[in-house]
Amino acid sequence: MVRTTSASAQASGFVVEVGDAPFLVTAAEVVGKGTQRLLVTFERANRMLEVARLGVVGAGRAVVCRVTSANFISPLDIPAPDKLPVASQPVFSLGYLRGIRGLGGASSVPFVLAGTVAAVAGEDQPTFYLDGSFNPGMVGGPVLSSAAGDEPPRLAGVILGRQPIETKGAAGVLSPGGDRDPAVDTTVTAVLGMRAVVDLVKAAVRSERHPPSPSSPKALP
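First things first, this report covers the structure right here in the doc.

### What to know about the side chain of Ser93
And then number 1: Residue placement: Ser93 occurs in strand S7 (residues 90–95).
And then number 2: Every residue in contact with Ser93, bar those within four places of it in the chain, is listed here: Phe111, Val112, Leu113, Leu130, Met138, Pro142, Val143 and Ile159.

### Examining unusual backbone geometry
And then number 1: With a phi close to 65°, Asp20 is a non-glycine residue in the positive phi region.
And then number 2: Structurally, Asp20 is set in the loop between strand S2 (10–18) and strand S3 (21–27).
And then number 3: One non-glycine residue, Ala59, adopts positive backbone phi at about 55°.
And then number 4: Its place among the elements puts Ala59 in the loop between strand S5 (45–57) and strand S6 (62–67).

### Description of the environment of Ser12
And then number 1: With respect to the element layout, Ser12 can be found in strand S2.
And then number 2: Separated by 83 residues in the primary sequence, Ser12 and Gly95 place their C-alpha atoms 5.4 Å from one another.
And then number 3: In terms of polar contacts, Ser12 uses its side chain to reach the backbone carbonyl oxygen of Gly137, at 2.7 Å.

What counts and how
Residues numbered from 1 in each chain as written. Predicted model: local features only at pLDDT ≥ 70, side-chain atom pairs only at ≥ 80, totals over all residues. Heavy atoms only, no water. Helix = DSSP H or I, 4+ residues; strand = E, 2+ residues; numbered from the N terminus. Contact = heavy atoms within 4.5 Å. Polar contact = N/O pair within 3.5 Å; in protein donor to acceptor, adjacent residues only side chain to side chain.

What follows is the structure, given as structure tokens:
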């Protein structure tokens with residue numbers, strides 16, 4: 001769990017291990033295409049982390065980078081990345097809050113906010129939505145699903161940010177007053193399942209191991 005900082009943005013992030021190699025997941029706004037060194041805060045200490053940008057996921061809201069520093073941060077485990085939490089399951093969001101005064105020394109440690117899975121998008125879109133507290137600084141941070149018994153919480157996804165839901169004009173919906181087509185606006189937090197991150201990393205590794213062969217020169221007329 002880290003706080004990522006660049007000249008233009010600040011967000012949350014975390015380091016995971018895929019195929020015995022460490023990768024940083026954070027908000028896309030922090031890591032530009034040419035970024036090679038990133039300031040991260042881990043356990044109240046700042047350090048520069050050398051990274052190589054692999055690509056974006058979650059409709060471009062999250063970014064995955066290979067960690068190339070020799071002394072990198074201990075990664076989190078990804079058990080069963082294909083398995084998403086189910087609706088009504090309790091979860092925990094971790095992140096560094098932004099723009100809140102009066103926190104004192106607590107502003108340098110990640111906050112843990114409780115929430116509940118409101119809905120799951122489906123197999124073709126590994127995204128689920130949370131009903132609970134949220135702060136913009138938490139984008140890019142991890143979501144942990146609760147576990148049974150003495151098992152530790154499991155890494156379930158990366159926070160993409162607030163997702164507005166509009167039901168204005170829904171046909172056949174009645175308000176308490178009897179009027180049809182009420183304007184009911186609400187907001188949930190979108191979370192991308194870890195499968196999308198793992199798929200991006202595996203595709204990049206395959207491309208590095210088996211680069212495309214150069215096209216054969218065309219014969220001159």
